[in-house]
Amino acid sequence: MNNITSEQILELRRQVLNKEFHKMNDRQREAVFSVNGPLLILAGAGSGKTTVLVNRIANIIKYGNAYGSRTVPGALSDEELSAVREYIDHDTALPQQVVDRLSVDPCLPWQILAITFTNKAAGELKNRLINMLGEAGNDIWASTFHSTCARMLRRDGEKLGYSSHFTIYDTDDSRRMMKECQKALDIDDKLLSCKSILSAISHAKDSMVLPEEFMKQAGSDNRLCLIAKAYKLYQTRLREADAMDFDDLICNAVLLLEKNQDVLDHYQNKFHYVMVDEYQDTNHAQYMLVKLLAQKSGNLCVVGDDDQSIYKFRGATIENILSFESTFPNTKVIRLEQNYRSTKNILNAANAVIENNAQRKGKTLWTNNKTGEQISVHTAFSEQDEADFIAKKVLSGVAEGRKYSDYAILYRMNSQSNILEKIFVKSGIPYRIIGGQRFYERKEIKDMIAYLSVINNPNDEIRLRRIINQPKRSIGDKTVAQATEIAAGLGESVFEVIRHADQYEPLKRTAPKLLQFAAIMQELIDASNDENTSLNELYHLILDKTDYIASLYTSENDDPQDRIDNINELASNLIKYEEENGKETSLAGFLEEVSLITDIDNFDEHSDSVVMMTIHSAKGLEFPVVFLPGFEDGIFPGMQAIYNPVEIEEERRLAYVAITRAKEELYIVNAESRMIFGSTSRNKPSRFIEEIPEELVERSRSREWKKPQPGTSLPTSAFEARAITMESARSFGPSSLIHSEPPVAQFKAGDCVSHKTFGKGMVLSASPMGNDTLLEIAFDKVGTKKLMANFARLQRA
DNA sequence: TGAGCATAGTTTTTT
DNA sequence: ACTATGCTCA
């Protein structure tokens, strides 16, 4: 034995920990070592918050709260001591046994809960944890709010009256359900739309207001009373259908914990540490959930950036993060202000813009990165010209060695993608659009999911209705309404009624059709219960029995091939799911995964194409070059925000998010006039542009207004491939990647050419543009023209 | 029951 | 401009 003091051992331990996490900056390391008690990490854009989260979890699992602890580890043997010194001085591996020695109150992987908002973020977290901790990383609960809650509710939902295989309704299902309720309550959709009712309900659920409470709060307000009634009926119907909507997942999970001490105990004892990412986006219900789970251990760490709160319209309350310190006494606050992503210019611009907001914690990002280019503010004369400008910048950038995937175009609203898409197709620039029409929102996909859902849960009335006449089976609304009524009268499920349709007088006429449908469904249900039928086989059985694909040919006048492709795509998703989950597969499991999935999850960053998406979807992503089109008052900030200071702040945060996505170059573009909602309007440049200090900006504008001329603009005629290309870019998965062939440079500067109408001339410059080459040619007779090589039919001269 | 026409409303949407 | 929705009529 050696004779080092316990003080020295504590010091050694600190050195080991500093060494282990040496890659991080001081602030980050402080966050990693602040293990116990409430912790608020204010993490600016690009400040490495995921890294901090991952390392903090790793630290907790390996060393517990060793860094700050005064607990003296037992004496170290000489051997262990030298291992420690070797590690500190020479970076040799530290044996597990020594790690264990140095740790204080470490915890097991499954005692840690890390909650994110997106599947993508959860997946990334999980991946990085597994990279760092090996298989142990797998046991950490790292998942989204919704799937965490779903998991809890599958386990104990019975206590609230749900079965373990309840269905999760998406917005479309909810809407159908609400329409039903409106009908039953005789609420005219024109006076009170299902949309507004649902949004009121959603807000109620976000703030944990149950139907009874809502009714009370409504008082004598007529409108609110109607909504309260609809809310109540809607919940009853959901319960009957054994279904929950997205908000219910959170809300019910909270109720479950509040009402069942044993369940609460279970989770409070299980989770020693709770961490929440993107805390600025949480709503009240989510706050409740987190609070309940972390109450006992007190070890709650939230990470967020109040400046990036852009989901108020969905119920996120920025107050959660602003008041965290007062809600959780003795909170430690750590600011991560060093940015590793952007150039100084970009960061300074972002800082300058966000400074105009009053409601914020206050934080100034800085960076050691280089100053970089000035920010380009370009004024185009139309939205056409704006798209042209962007396409040209991309092409010239690619000609100089950038990849297409270095570029992102972020806009305020999805409709802005249309012109960009057209121009990009014309110029042969490969691109992908994220968002807009989503894969799982396509009609045919929703139909197939509905079939699977009904097989999984025949009580799922909304989805049963969706497919009962899809493909057409001559079962109309009237019949369905009858059956529903009978079912309600008998207290049975609609499916039961349909199955015995011949026994009910009102259904006599359509009974054969109903029975036939029920028989098909029964057959499919039997097949799904059969161990030997794989999900993929079941899926094909559905297509087979329902003749769904054939029905596409007859019922649709547009090309059904797209839809068939989508159906096949879903089949491959099923197969993928089966492969990934081995023997753990179940129909319910697949449906759960599907119901919680979104498009952004499928954003494949390895494909070489320009990516376009809304600023909202871009949160959390980064790109070397970012274009921000439509920076105009009325678009960004939007019309409705202009006279509302609170809304303006939200829009400004959105602008902040947009600017901070850029790593190296940032182009802000506005157009003097643009077509919007069918009419042309002239918008002032966005006020956010004026908020960027002039010295950071380099302004440019397109030449004076002229009708775009062939030769100066990109070719206007459509290529054959256009429709196909546009469609496949919109679709889904890696199969939709477009690779354009490298441009063939037929002509180079200095070549002498002759043109049919312009006569002889000399090529001044040749710049590749997608599939084509833009040539600048000095003609002897007509002066200098710009022409596309493929277009101009030039002859060598 | 389904086709065809008129009408309204179009911000964002991690789940 | 565009499209999703609802309503009417055959």
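Looking at an unreviewed UniProt entry, one finds chain A named DNA 3'-5' helicase and attributed to Caproiciproducens galactitolivorans.

This paragraph deals with the overall build of chain A. Tallying secondary structure elements over chain A gives 33 helices and 22 strands in all. Taking the intrachain contacts of chain A between residues at least 6 apart in sequence as the baseline, contacts between residues at least 24 apart amount to 75%. Summed over its atoms, the accessible surface of chain A is roughly 36000 Å², and 49% of this surface lies on carbon and sulfur atoms.

Across four bridges, strand 15 (residues 673–676) lies against strand 16 (residues 679–682) in antiparallel orientation. The partner of Met-675 across the bridge, within strand 16, is Thr-680. Between the end of strand 15 and the start of strand 16, which pair antiparallel, lie two residues, with Phe-677 showing a positive phi angle near 50°.

This part takes up the pattern of salt bridges. Opposite charge on two side chains allows them to pair when their charged atoms are near. Considering all chains together, one arrives at 47 salt bridges under this definition. Among the salt bridges present, the one from Asp-173 reaches Lys-446, with a minimum N-O distance of 4.0 Å. Of this pair, Asp-173 sits in helix 8 (residues 171–185) while Lys-446 sits in helix 20 (residues 443–456), placing them 273 residues apart in sequence. Neither residue differs from the other here; Asp-173 and Lys-446 are each classed as buried. Bridged by salt links that share partners, the residues Lys-49, Asp-277, Glu-278, Asp-281 and Lys-619 form one connected network.

So, on to the packing of aromatic side chains. Within this structure, the stated rule accounts for 19 aromatic pairs. Between the aromatic rings of Tyr-162 and Phe-166, the centroid separation amounts to 6.4 Å while the plane-to-plane angle is 70°, which identifies the pairing as edge-to-face. Accessibility classification places Tyr-162 together with Phe-166 in one group, the buried group. Judged by centre distance (6.2 Å) and plane angle (70°), the rings of Phe-389 and Tyr-667 are edge-to-face. Here Phe-389, found in helix 18 (residues 383–399), pairs with Tyr-667, found in strand 14 (residues 662–671); they are 278 residues apart in sequence, far enough to count as distant.

For the rest of this paragraph, the subject is the nonpolar core. By size, the foremost hydrophobic cluster in this structure holds 51 residues, and its most contacted members are Ile-498, Met-521 and Tyr-539. Broken down by element, the residue count for this core peaks at nine residues, all from helix 24 (residues 511–529). In contact with Tyr-539, not counting residues within four places along its chain, are Met-448, Leu-452, Ile-567, Leu-570, Ala-571 and Leu-574.

The next thing to look at is the UniProt feature "domain: UvrD-like helicase ATP-binding" (unreviewed entry) in chain A. Mapped onto the present numbering, the UniProt feature "domain: UvrD-like helicase ATP-binding" (unreviewed entry) falls on residues 22–343. In residues 22–343, helix accounts for 52% and strand for 11%; the two terminal C-alpha atoms are 24 Å from one another.

Taken as a whole, this structure holds two cavities of 30 Å³ or more when the rule is applied. Contributing to the lining of the second largest cavity are Glu-386, Gln-416, Ile-419, Leu-420, Pro-629 and Arg-674. Classifying every residue of the lining of the second largest cavity by side-chain character gives three nonpolar, one polar and two charged.

The immediate surroundings of DNA strand C are formed by Arg-175, Lys-179, Met-675, Phe-677 and Gly-678. In DNA strand C, atoms within 4 Å of the protein come from the sugar-phosphate backbone in 33% of cases. Within the contact set of DNA strand C, a phosphate oxygen lies 3.4 Å away from a side-chain nitrogen or oxygen of Arg-175. A distance of 3.0 Å is found between a phosphate oxygen of DNA strand C and a side-chain nitrogen or oxygen belonging to Lys-179. Considered class by class, the residues forming the surface near DNA strand C number two nonpolar, one polar and two charged.

Let us look at the sheet that holds strand 14. A sheet is described by the order of its strands in space; here seven strands give the open sequence 11-12-10-13-14-9-17, paired in parallel fashion. Because the sheet does not close on itself, it has two edges, and the strands there are strand 11 (431–433) and strand 17 (697–701). In this sheet, neighbouring strand axes are inclined to one another by 20° on average, regardless of whether the strands run parallel or antiparallel. Note: strand 13 (residues 623–628) against strand 14, five bridges, orientation parallel. Bridge pairing links Val-625 to Glu-665 in strand 14. Docked against the sheet, helix 18 engages strand 9 (375–380), strand 10 (407–411), strand 12 (610–614), strand 13 and strand 14, running at close to 155° with respect to strand 14.

Cis geometry marks the peptide bond from Phe-636 to Pro-637, where omega comes out at 5°. Here Pro-637 shows up in the loop between strand 13 and helix 30 (645–659). Positive phi is not limited to glycine here, since Met-208 has a value of about 60°. Along the chain, the position of Met-208 falls in the loop between helix 9 (194–206) and helix 10 (211–218). Using a relative accessible area of 16% as the deciding quantity, one classes Met-208 as buried. In the Ramachandran plot, Asp-242 falls in the positive-phi region, its phi being about 55° despite a non-glycine side chain. Position of Asp-242 relative to the elements: it lies in the loop between helix 11 (222–240) and strand 5 (243–245). Residue Asp-242 is classed as buried on the basis of its relative accessible area of 8%.

With that out of the way, let us pick up the packing of helix 1 (residues 6–20) against helix 4 (residues 78–90). At a minimum axis separation of 10 Å, helix 1 and helix 4 run at an interaxial angle of 40°. With respect to helix 4, the axis of helix 1 lies oblique. You can see that helix 1 and helix 4 cross each other, and the crossing is left-handed. Every residue of helix 4 that contacts helix 1 at Leu-12, Gln-15, Val-16, Lys-19 and Glu-20 is listed here: Leu-81, Val-84, Tyr-87 and Ile-88. Of the residues in the contact of helix 1 with helix 4, the class split is six nonpolar, one polar and two charged.

Okay, helix 13 (residues 261–270) next. Taken together, the buried positions of helix 13 are Val-263, Leu-264, Tyr-267, Gln-268 and Lys-270. The arc that holds the buried residues of helix 13, viewed along the axis, is 165°, so those residues lie on one side. Contacts from the buried residues of helix 13 go to strand 3 (141–144), helix 7 (145–156), helix 12 (246–259) and helix 14 (284–294).

When the terminal C-alpha atoms of helix 22 (residues 477–490) are compared, their 20 Å separation across 14 residues agrees well with the 20 Å that a helix rising 1.5 Å per residue should span. For helix 22, the full list of buried residues reads Thr-479, Val-480, Ala-483, Thr-484, Ile-486 and Ala-487. On an axial view of helix 22, the arc spanned by its buried residues comes to 165°, and they lie on one face. For helix 22, the exposed residues lying more than 90 degrees away from the buried face are Asp-477, Lys-478, Glu-485, Ala-488 and Gly-489. Considering only its buried residues, helix 22 is in contact with helix 21 (461–468), helix 23 (494–499) and helix 24. One or two positions beyond helix 22, positive phi appears at Gly-491, with a value near 70°.

About the cut-offs
Residues numbered from 1 in each chain as written. Chains lettered and ligands numbered in written order. Predicted model: local features only at pLDDT ≥ 70, side-chain atom pairs only at ≥ 80, totals over all residues. Heavy atoms only, no water. Helix = DSSP H or I, 4+ residues; strand = E, 2+ residues; numbered from the N terminus. Contact = heavy atoms within 4.5 Å. Areas by Shrake-Rupley, 256 points an atom, 1.4 Å probe, with all protein chains shown as cover. Pairing = 2+ DSSP bridges. Salt bridge = Lys/Arg side-chain N within 4 Å of Asp/Glu carboxyl O. Buried < 20%, exposed > 50% of the residue type's maximum accessible area, 1.4 Å probe, protein only. Phe/Tyr/Trp six-rings, centres within 6.5 Å; stacked < 30°, edge-to-face > 60°. Core = buried A, V, L, I, M, F, W, Y, C linked by side-chain atoms within 4.5 Å. UniProt positions renumbered as here; feature names shortened; annotations may be inferred. 1 Å grid on protein atoms, 1.4 Å probe; cavity = no way out; pocket = protein on both sides within 12 Å on 5 of 7 lines; lining within 4 Å. Points joined across faces, edges and corners; volume = space filled by probe spheres on them. Nonpolar A, V, L, I, M, F, W, Y, C, P; charged D, E, K, R; others polar. Near = heavy atom within 4 Å. Polar contact = N/O pair within 3.5 Å; in protein donor to acceptor, adjacent residues only side chain to side chain. Axes fitted to C-alpha atoms, helices over the stretch in contact; angles between N-to-C directions. Parallel < 35°, antiparallel > 145°, perpendicular 65-115°, else oblique. Left-handed = near helix turned anticlockwise from the far one by under 90°. Arc of directions from axis to C-beta. Expected span 1.5 Å × (residues − 1).

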